[in-house]
Amino acid sequence: MARIQKDDRRMCLTLHQPLASLMAYGLKRVEGRVWSSDFKGTLWIHAASKEVSPKEIADAERFYTKVFQLETQSEGSPSFPPFYPTSCLVGRVKVVACVSKDDFMQHQAMPASAQLEGQANGSDFFFLCEAAERLVMPLQMSGQHKLWSLERKAEEKAVPGLRPSEQMPINFLE
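Residues numbered from 1 in each chain as written. Predicted model: local features only at pLDDT ≥ 70, side-chain atom pairs only at ≥ 80, totals over all residues. Heavy atoms only, no water.

Trainee: Just give me the short version of the packing of aromatic side chains, but keep the residues and values in it.
Mentor: Aromatic ring pairs are described here by two measures, namely the spacing of the ring centres and the angle between the planes. Within the structure shown, the criterion is met by three aromatic pairs. Geometrically, the ring pair formed by Trp35 and Phe127 is edge-to-face, given 5.8 Å between the ring centres and 80° between the ring planes. Residue Trp35 is located in the loop between β2 (30-33) and β3 (41-47), and its partner Phe127 is located in strand β5 (residues 125-140); the two are separated by 92 residues in the primary sequence. Exposure class is identical for Trp35 and Phe127. Each is buried. (Phe/Tyr/Trp six-rings, centres within 6.5 Å; stacked < 30°, edge-to-face > 60°. Helix = DSSP H or I, 4+ residues; strand = E, 2+ residues; numbered from the N terminus. Buried < 20%, exposed > 50% of the residue type's maximum accessible area, 1.4 Å probe, protein only.)

Dropping the structure here:
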């Protein structure tokens, strides 16, 4: 059962769908940013209010199927979210580092699947995310830009509904 982390500063990041749910489902492990950060730790994932088109969903699911197949060395498909809700908290991940794109691409031991995620990203910095957990029932709420603090009451309401969802476990720091 999920619980509130002792070091949890309740930091949250709002992402557009389908990327928010794909991160909570453990498929998106590299999140690009145009700004650097020294943040490490638990990061709640919030889905922005912008509706997502069927084409955007299909494109993202096609890409993450390629990433999954590269990671698992199989022709299988990952478990995708059944829907992509907006204006809600969808899960959380553990950010283990924020690195420059150059450092990321030069990392010799980076799995090919993670390299593909980085190559597809046009950003200068990457949050490296592990240990994804998704909310069984997304929690409706408004979000903010960049990193922001989730209210303690929202965290307390969300934590019991978290379920592990990492489909492609990775340890970026090994």
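Trainee: Lay out helix α2 (residues 54-72) in plain terms, naming residues and giving numbers.
Mentor: In this model α2 runs 26 Å from its N-terminal to its C-terminal C-alpha over 19 residues, within 8% of the 27 Å that 1.5 Å per residue would give. All of the buried residues along α2 are Ile57, Ala60, Tyr64, Thr65, Val67 and Phe68. Residues of α2 that are buried sit in contact with α1 (19-24) and α4 (112-119). Phi turns positive, to about 55°, at Gln73, one or two residues after α2. (Expected span 1.5 Å × (residues − 1). Contact = heavy atoms within 4.5 Å.)

Trainee: Give me the lowdown on α4, citing residues and values where you can.
Mentor: For α4, the full list of buried residues reads Ser113, Ala114, Glu117 and Gly118. All buried residues of α4 project into a common sector of 140° when viewed along the axis, lining one side. Among the structural elements, β2, α2, α3 (101-106) and β5 are those in contact with the buried residues of α4. (Arc of directions from axis to C-beta.)

Trainee: Now, about the pairing of β2: what can you tell me, with residues and values included?
Mentor: Side chains Val30 and Gly32 project from β2 onto one buried face, and the interleaved Glu31 and Arg33 project onto a second face that is buried too. Pairing of β2 with β5 involves four bridges; the strand directions are antiparallel. Looking across to β5, one finds that Glu31 is bridged to Phe127. (Pairing = 2+ DSSP bridges.)

Trainee: Talk me through the state of the cysteines; I want residue IDs and the actual numbers.
Mentor: Tallied over the full model, the rule gives zero disulfides. Free of any disulfide, Cys88 has its nearest cysteine sulfur in Cys12, 10 Å distant. (Disulfide = S-S within 2.5 Å.)

Trainee: Can you explain the side chain of Arg92? Please cite residues and give values.
Mentor: By the secondary structure assignment, Arg92 is in strand β4 (residues 88-100). On the accessibility criterion, Arg92 (2% relative accessible area) is buried. A distance of 2.6 Å separates polar atoms of two side chains, one belonging to Arg92 and the other to Glu133. (Polar contact = N/O pair within 3.5 Å; in protein donor to acceptor, adjacent residues only side chain to side chain.)

Trainee: Explain the pattern of salt bridges to me, using residue names and the numbers behind them.
Mentor: All chains considered together, the criterion is met by nine salt bridges. When the shortest N-O distance is used, the salt bridge between Arg29 and Glu117 registers 2.9 Å. Taken together, the residues Arg29 in the loop between α1 and β2 and Glu117 in helix α4 connect sequence positions 88 residues apart. Across the pair, exposure class does not vary: Arg29 and Glu117 are buried alike. Close ionic contact of Lys50 with Glu56 constitutes a salt bridge, the shortest N to O distance being 3.6 Å. For Glu56, a relative accessible area of 32% gives the class partly exposed. Bridged by salt links that share partners, the residues Lys28, Glu31 and Arg33 form one connected network. (Salt bridge = Lys/Arg side-chain N within 4 Å of Asp/Glu carboxyl O.)

Trainee: Before we move on, could you go through the nonpolar core and cite the residues and values that matter?
Mentor: Core analysis: the biggest nonpolar cluster contains 19 residues, and Leu43, Ile45, Val90, Val93, Val95 and Phe127 have the highest contact counts within it. Among the secondary structure elements, those contributing two or more residues to this core are β1 (11-15), α1, β3, β4 and β5. It is β4 that contributes the most residues to this core, five residues altogether. Counting residues in hydrophobic clusters, the runner-up holds 12 residues, among them Leu89, Leu135, Met141 and Ala154. (Core = buried A, V, L, I, M, F, W, Y, C linked by side-chain atoms within 4.5 Å.)

Limitation: the analysis is restricted to geometry and does not speak to function.
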